[in-house]
Amino acid sequence: MKIFLQKEDNDIVYKLFPTQNLWTFIKLNTRNGQMWQVQYDTKENNRLETSLNLIPLVVKENEVNNRFTLFPTQNIFTFILLD
């Protein structure tokens, strides 16, 4: 499984990481570690965004773009969040 990474850019706050589940991504706030599950479909009524972690992992003063990132593991349901 490959991670969809955009070029290193200090202006990028959110990144989408693909999962092995069809139509499903994890949206990561790279500044504070908040995450959402994003599901999309070709039909508008089947789209969904639900929270995985709404608690910031750092205080506001320590937020920096690209601070956090996700790495997949061999278990399709598990990612490692790195600071």
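Residues numbered from 1 in each chain as written. Predicted model: local features only at pLDDT ≥ 70, side-chain atom pairs only at ≥ 80, totals over all residues. Heavy atoms only, no water.

### Brief notes about the side chain of Q34
With respect to the helices and strands, Q34 occurs in the loop between β2 (24-29) and β3 (35-39). Leaving out residues up to four positions away in the same chain, Q34 has contacts with K27, L28, N29, N53, L54, I55 and P56. (Helix = DSSP H or I, 4+ residues; strand = E, 2+ residues; numbered from the N terminus. Contact = heavy atoms within 4.5 Å.)

### As for the packing of aromatic side chains
For the structure shown, the criterion picks out three aromatic pairs. For the pair Y14 and W36, a centre-to-centre distance of 6.1 Å together with 55 degrees between the ring planes defines the contact as tilted. Of the two residues, Y14 is situated in strand β1 (residues 14-18) and W36 in strand β3; the sequence distance between them amounts to 22 residues. Given the relative accessible area of 42%, Y14 is considered partly exposed. Residue classification places W36 among the buried residues on the basis of a relative accessible area of 13%. On the numbers, 5.8 Å between centres and 35 degrees between planes, the contact of F25 with Y40 is tilted. Taken together, the residues span a long stretch of sequence, with F25 in strand β2 and Y40 in the loop between β3 and β4 (48-53) at a distance of 15 residues. By relative accessible area, Y40 is classed as partly exposed at 38%. Members of the aromatic cluster, connected to one another through ring pairs, are W23, F25 and Y40. K27 extends its terminal NZ or CZ atom over the ring of Y14, reaching a point 5.2 Å from the ring centre. Over the ring of W36 we find K27, and its NZ or CZ is 4.9 Å from the ring centre. (Phe/Tyr/Trp six-rings, centres within 6.5 Å; stacked < 30°, edge-to-face > 60°. Buried < 20%, exposed > 50% of the residue type's maximum accessible area, 1.4 Å probe, protein only. Lys NZ or Arg CZ within 6 Å of the ring centre and 35° of its normal.)

### Here we look at the sheet that holds β4
Strand order in the open sheet formed by four strands is β1-β2-β3-β4, with antiparallel pairing between adjacent strands. Two strands close off the open sheet at either side, each with one partner strand: β1 and β4. For this sheet the average axis-to-axis angle between neighbouring strands, irrespective of direction, equals 25 degrees. In terms of strand pairing, β1 meets β2 through five bridges, oriented antiparallel. The partner of L16 across the bridge, within β2, is K27. (Pairing = 2+ DSSP bridges. Axes fitted to C-alpha atoms, helices over the stretch in contact; angles between N-to-C directions.)

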